[in-house]
Amino acid sequence: VCAARRQPGVNTMGQDLSNLSLVSLFRAEATVHAATLCQGLLDPPADPGQAGPWFEGLMRAGHSLKGAARIVGLELLVGLAHALEDRIVRDQQLGQWCDGPHVDAMLEAADIFAEVAVREDDEVQPWLDQHASRIQRLQTQIMAHAVAAPAPAAVDMACNTAVPAEAPAKVGPAQVAAAPAPTPAASSSGAGANRVVKLAAQTLDDMLTQAREALLVDEAREREAQDLQRFSRRWRQSMSALDQVIARLGQRATMDSTVQAVVSELSDLRQGMGVNQDLLAALSVSHDRHIRRGRLAARQLYQSVRRTRMTTLDGAILAWRRQVHDLGRRLGRPIELSVHGQHTLIDRDVLDRIESPLNHLLGNAADHGLESVEERVAAGKPAAGQITVRARHVKGQLLLEVSDDGRGINLDALRQRVQERGLASPEVAQRLSDAELYEFLFLPGFSTRSAVSDISGRGVGLDVVRTQVQALGGAVRVSSSLGQGSRFVLALPISVSVLRVLLVQVDAEVYAIGLQDIERVERLSAADLLPMGAQTCAHINRAVMPVVSLASQLGLPAAPAGDHFAVVVVGEAEQARALRVDALLGERNIGLMPLDPRLGGLRHVAAAAILDDGTPVLVLDAHRLGHDQEHGLSNVISEASPQPNPRKRVLVVEDSFTVREVERQVLTAAGYEVDARVDGEDGWQGLMAGHFDLMITDIDMPKLNGIDLLRRVRALPAHRELPVMIVSYKDSAADRKAGLDAGADRYFVKSGFDDRSLLAAVADLIGEP
Amino acid sequence: MNPAAEDPRVNSAPTGELALRPEWRAEWAERLAERPQATVQAAQRARWMVFGLGSMRCALPASLIVRTHVPGPTHQLPGRLDSLVPALVQLEGRLVLQADLFKSLGLPAVAPAAITRVLELQAQGSTYALPVCDVSSIADISVCAVEPAPSTLGGPWPALLQGLWRDDSGLVSLLGGSQLCALLDANLG
């Protein structure tokens, strides 16, 4: 506020307002006050002593909105703001603040102002006309509750609950454990005097590239400085040699005039060299000083540009609290949200892109995870369900955890559901470990609930959560304890542009693997290897896992195996595998650079980077390396038995590990040779690399979906007749038509097939193995 | 021989007027829409960057070479070692796809030490780094001085070779920059 007074035309957010229209000014102001109202309404002070400033902050926001709306002639909004202000004033006068339907109405009123704020100027009035009845309804609701409110003798802030209107039991204040509780007044002026400017992301990327170039130039200067020092040393050595020559000549008993002249010239030369040596030394010192300053400036510039991409979780917390508040209201159960680690740094891009997965997890926790009040009380739990969001940096990555203290995941019920859906035979289902069972939760359309609510089961499942997190280079892990609750952990890069990696050497090139994907690093000897059929395994950290050459995974020539070698273990539990590398080169922070999109099909490579010395490095997609065992094993097998295999070959393209594994096992057991690929792009690469009699593909897959894969396949004359079967969870008539129109010969709905029908369809298309 | 006398797709009229027979106008209209640059260039002088590839000398339109660099550090792309675009190269803090011009033209490879310059070619939204042995000159070449490419060439040459030009040192193969990018793009896809 003060800054705005000092500098006319600049608001508290640092925006230059001189060129804005009145409506634009109103919209800018509405953004601030709507956020103030929302934050304040969700966070009433537990201490009645703080009620006064809190009420005043809310009232001021409402009053400011009313005044601003009046100036621009938006009468509907004047009425709504007046209702807000009046309600707050009356509640303050009555000395009581109870959470209830009127808070929802007030929050929705704040939403109205926020929605107006994002319209273009000329869209505001039409939008208001369109929503007039909604605004008038809210105005009535807010005022009606104000009239009906009782008049207690003293302020009672403790009756703030998250209980629905039909069950108005007191269950304690809503807590936001680690979140600060700024007053509305503080937040409205909290932007400070720092100017805010908008920059296109591309501009930041360009600046980052230029800053990186400055660092590389600095490296080159440093090498020049070393050359200069070497040159200076050699110069001194030349001078010493000259001194010795002059001394030897001077020691001669007799010197004719010619020799004397030579000695004299040499002495003059020596003197000149000495002067030059002094100049060289001074130049070297000056050069060193400039290099140091340049290096510092270049690094600070690079760090500053990188920091501009970072933010904290603070800004997102309000939206999470609002979501949990609304969920509790809709589900009719009290829910408390605790947030820990809100000051944790995160890349702005990452934060934007996890919004949807996180919202889904919060919805899941509220709807699936938490029990009803009755169930909780019967189980001896507090009536209010607890959802906790915890953020922290671990090993150079951001761990974002969403947990609840609800019923937990019933593994027996999950196993039963897997069988009922025909996703695994009873025998296979019984053998599935806990981790494998959890994998089914990430299948498209999979749910352990038969009922679909308006909160969950809306077609956006955990599979989308996983896909979105993996698209960021992250991973999702789930754990649960029956009756105690569930926990979903998103392991994310702190920045989409900075990653903590382990550098490894393979075939004389440097590759990087994100630390978040690495379970451990080991040094093995030949004696540690256990031949198991055609493959080689090792016993690492109390688990037996395949040892695969990273070079062979990348299609590079494998170095001769020495007696001792290093392995990098990626993947967890049953999916763990040890990747043999030529050398470990240490950990490093690297600035990620996206791969040229035309290299999208580059197998196992996720991104690129430039090391400090200017060397390019490829960042490996360890998720693929960790989930691509069948391909790696087939490599080993093919190396061991190069004879052509007469069996019919099936290419399975499926992103779900479990479904892929089931299909592979069923087909392999029947005698077909199977190459399983993890997504559409991988499937395409596989198809290009070998001959197949049949392709079985899913539809919903990352990188390239099954329909587009099929279209690409059919566009190639060589594959126009290749039998293709779609196996998908999508079961609508439109989905089936889309698949068949794209060129599929058979469309299988996953929920409707079993081992026998799959094999019958395969045999129908390509015959017996 | 004036190629325009036989092939309506080649324009050699010094005034820039197109020597068209009426029935070819429709085809010309399509051609112009596809490749306006080539047509315009054909009507005037053009600057070409002349460089060496082993014992051979080639040139690319100078307007498409955004910079020349000394060779930077590279990283081979796994699975693409035998392709026309086998590596990434770091140029001034950027990572650029590096193409193998020798392989693209079917020429024998040279020793790494023989590569002294990297051309940065930019056309049709694509950028490629092209390692070459040396850059000898930028030549201002009139279209009249360009000899037509032999029609009997095989491999990628018919698509890439725009013509031949002779200077004091001998013959220079004029390569189409856009056509080269298209060839490399196709190899990537």
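Residues numbered from 1 in each chain as written. Chains lettered and ligands numbered in written order. Predicted model: local features only at pLDDT ≥ 70, side-chain atom pairs only at ≥ 80, totals over all residues. Heavy atoms only, no water.

Caption draft 1: Focus on the overall build of chain A. Looking only at helices and strands, chain A features 26 helices and 23 strands. Put simply, chain A has 769 residues, and 49% of those count as buried. Surface exposure of chain A reaches about 35,500 Å², of which carbon and sulfur atoms provide 53%. (Helix = DSSP H or I, 4+ residues; strand = E, 2+ residues; numbered from the N terminus. Buried < 20%, exposed > 50% of the residue type's maximum accessible area, 1.4 Å probe, protein only. Areas by Shrake-Rupley, 256 points an atom, 1.4 Å probe, with all protein chains shown as cover.)

Caption draft 2: View of the overall build of chain B. Helices and strands together make up the secondary structure of chain B, namely 5 helices and 11 strands. Split into buried and exposed, the 189 residues of chain B put 42% on the buried side. Here chain B displays about 9,400 Å² of accessible surface, and carbon together with sulfur accounts for 53% of that area.

Caption draft 3: Representation of unusual backbone geometry. All names here are of chain A. Phi is positive for Asp 507, close to 50°, though the residue is something other than glycine. Inspection of the secondary structure assignment puts Asp 507 in the loop between β8 (498-506) and β9 (509-514). Assessed through its relative accessible area of 29%, Asp 507 is described here as partly exposed.

Caption draft 4: Quick peek at the packing of helix α5 (residues 101-117) of chain A against helix α11 (residues 314-331) of chain A. Residues and elements named next belong to chain A. Here α5 crosses α11 at 135°, and the two axes come no closer than 12 Å. With respect to α11, the element α5 is oriented oblique. Crossing handedness for the pair α5 and α11: left-handed. Contact residues: α5 offers Val 103, Asp 104, Leu 107, Glu 108 and Asp 111, while α11 offers Arg 322, His 325 and Arg 329. Tallied by class, the residues present in the contact of α5 with α11 amount to 2 nonpolar, 1 polar and 5 charged. (Axes fitted to C-alpha atoms, helices over the stretch in contact; angles between N-to-C directions. Parallel < 35°, antiparallel > 145°, perpendicular 65-115°, else oblique. Left-handed = near helix turned anticlockwise from the far one by under 90°. Contact = heavy atoms within 4.5 Å. Nonpolar A, V, L, I, M, F, W, Y, C, P; charged D, E, K, R; others polar.)

Caption draft 5: How the structure looks around the interface of chain B and chain A. Each partner contributes to the interface: chain B provides 22 residues, whereas chain A provides 24 residues. A buried area of about 1,800 Å², summed over both sides, lies between chain B and chain A, and 69% of it is on carbon and sulfur atoms. By the criterion of area lost to chain A, the three top residues of chain B are B:His75, B:Pro78 and B:Leu95, representing 36% of everything that side buries. In this structure, the connection of chain B to chain A is made through 0 salt bridges. Along the contact surface separating chain B from chain A lie 3 residue pairs in polar contact (both at pLDDT 80 or more). Counting residues per element, the ones that place at least two in the side of chain B that touches chain A are β4 (74-76), β5 (87-91), β6 (94-98), β8 (126-132) and α5 (177-188) of chain B. (Buried area = accessible area lost by both parts, 1.4 Å probe. Salt bridge = Lys/Arg side-chain N within 4 Å of Asp/Glu carboxyl O. Polar contact = N/O pair within 3.5 Å; in protein donor to acceptor, adjacent residues only side chain to side chain.)

Caption draft 6: Up close: the confidence of the model for chain B. Residue and element names in this part refer to chain B. When pLDDT is averaged across chain B, the result is 80; 76% of the residues are at 70 or more. The secondary-structure element of chain B with the lowest mean pLDDT is helix α2 (residues 36-42), recorded at 46, while β8 shows the highest, at 95. Below pLDDT 50 for its whole length, residues 1-20 participates in 21 contacts with residues either more than four positions away or in separate chains. Here residues 35-42 is a poorly scored stretch, pLDDT under 50, and it has 9 contacts once near neighbours within four places are set aside; other chains count. The ipTM value of the predicted complex is 0.72, and its pTM value is 0.49. (pLDDT = per-residue confidence, 0-100.)

Caption draft 7: Main features of the packing of aromatic side chains. All names here are of chain A. Under the counting rule described, the total for this entry stands at 2 aromatic pairs over all chains. Ring geometry for Trp 54 and Phe 55: centres 5.1 Å apart, planes at 65°, overall edge-to-face. There is no split in this pair, since Trp 54 and Phe 55 are both buried. Both rings, one in Phe 231 and one in Trp 235, keep their centres 5.8 Å apart while their planes meet at 55°; by these two values the pair is tilted. Of this pair, Phe 231 and Trp 235 both sit in helix α9 (residues 201-250), 4 residues apart, roughly one helical turn. Note on Phe 231: relative accessible area 38%, which makes it partly exposed. What makes Trp 235 partly exposed here is its relative accessible area of 21%. Here the guanidinium or amino end of Arg 466 rests over the ring plane of Phe 442, the centre of that ring lying 4.0 Å away. The ring of Phe 565 carries the charged tip of Arg 580 above its face, separated from the ring centre by 5.6 Å. (Phe/Tyr/Trp six-rings, centres within 6.5 Å; stacked < 30°, edge-to-face > 60°. Lys NZ or Arg CZ within 6 Å of the ring centre and 35° of its normal.)

Caption draft 8: Molecular detail of the pattern of salt bridges. All names here are of chain A. Following the criterion strictly, the structure yields 33 salt bridges over all chains and no others. For Glu 401, the salt bridge is made with Arg 390, and the minimal N-O distance between the two is 3.3 Å. One end of the pair, Glu 401, is in strand β5 (residues 397-404); the other, Arg 390, is in strand β4 (residues 385-394), and 11 residues separate them in sequence. Overall, Arg 390 belongs to the partly exposed group, its relative accessible area being 30%. Three or more residues joined by partner-sharing salt bridges are found here, namely Glu 108, Glu 115, Arg 134 and Arg 137.

Caption draft 9: Region of the structure containing the packing of helix α4 (residues 75-94) of chain A against α5(A). Residues and elements named next belong to chain A. For the pair α4 and α5, the least separation of the axes is 11 Å and the interaxial angle reads 145°. α5 is crossed by α4, and the crossing has left-handed handedness. Between α4 and α5, the residues in contact are Leu 77, Leu 80, Ala 81, Leu 84, Arg 87, Ile 88 and Asp 91 and His 102, Met 106, Ala 109, Ile 112, Phe 113 and Val 116, respectively.

Caption draft 10: Looking closely at the sheet that holds strand β21 (residues 694-697) of chain A. All names here are of chain A. The parallel open sheet is built from 5 strands, whose spatial order is β20-β19-β21-β22-β23. Each edge of the sheet is formed by a strand with only one pairing partner; in this case those strands are β20 (673-677) and β23 (746-749). Each strand axis lies, on average, 20° off the axis of its neighbour in the sheet, ignoring direction. The pairing of strand β22 (residues 724-728) with β23 spans 4 bridges and is classified as parallel. Directly across from Met 725, in β23, lies its bridge partner Arg 746. The strands touched by helix α26 (residues 755-766) within the sheet are β19 (649-653), β21, β22 and β23, with β23 carrying the most contacts at an inclination of about 175°. (Pairing = 2+ DSSP bridges.)

Caption draft 11: Inspection of the pairing of strand β2 (residues 56-61) of chain B at higher detail. All names here are of chain B. Of all the 6 residues making up β2, 5 are buried; the element is thus mostly covered by neighbouring parts of the structure. Pairing of strand β1 (residues 46-53) with β2 involves 6 bridges; the strand directions are antiparallel. By the bridge assignment for β2, Gly 52 is matched with Arg 57. Count of turn residues in the β1/β2 antiparallel hairpin: 2 residues, of which Gly 54 carries a positive phi of about 65°. Two elements, β2 and strand β11 (residues 170-175), share 2 bridges in a ladder whose sense is parallel. Across the sheet, residue Cys 58 finds its bridge partner in β11, namely Ser 173.

Caption draft 12: Molecular detail of the environment of A:Met695. Residue and element names in this part refer to chain A. Relative to the helices and strands, Met 695 is located in strand β21. Relative accessible area serves as the criterion here: at 0%, Met 695 is assigned to the buried category. With 21 residues separating them in the primary sequence, Met 695 and Val 674 have C-alpha atoms 9.8 Å apart.

Caption draft 13: A look at the nonpolar core. The biggest cluster of nonpolar side chains holds 58 residues, and the ones touching the most others in it are A:Val504, B:Phe51, B:Leu53, B:Leu105, B:Tyr128, B:Leu130 and B:Leu175. Apart from the residues within four sequence positions on either side, B:Tyr128 is in contact with A:Arg598, B:Val85, B:Val96, B:Leu97, B:Ala99, B:Leu119, B:Glu120, B:Leu121, B:Cys181, B:Leu184, B:Asp185 and B:Leu188. By size, the runner-up hydrophobic cluster in this structure holds 53 residues, among which are A:Leu398, A:Leu400, A:Ala429 and A:Leu441. (Core = buried A, V, L, I, M, F, W, Y, C linked by side-chain atoms within 4.5 Å.)

Caption draft 14: Here's a closer look at the confidence of the model for chain A. All names here are of chain A. Confidence in the prediction of chain A, expressed as mean pLDDT, is 77, and 82% of residues score 70 or more. When mean pLDDT is compared element by element in chain A, β21 scores highest at 94, while helix α1 (residues 2-6) scores lowest at 32. Contacts from residues 147-193, a stretch scored under 50 in pLDDT, to residues over four places away or in other chains number 94 contacts. Note that residues 450-460 has pLDDT below 50 and, in this model, 14 contacts with residues that lie over four places away or in other chains.

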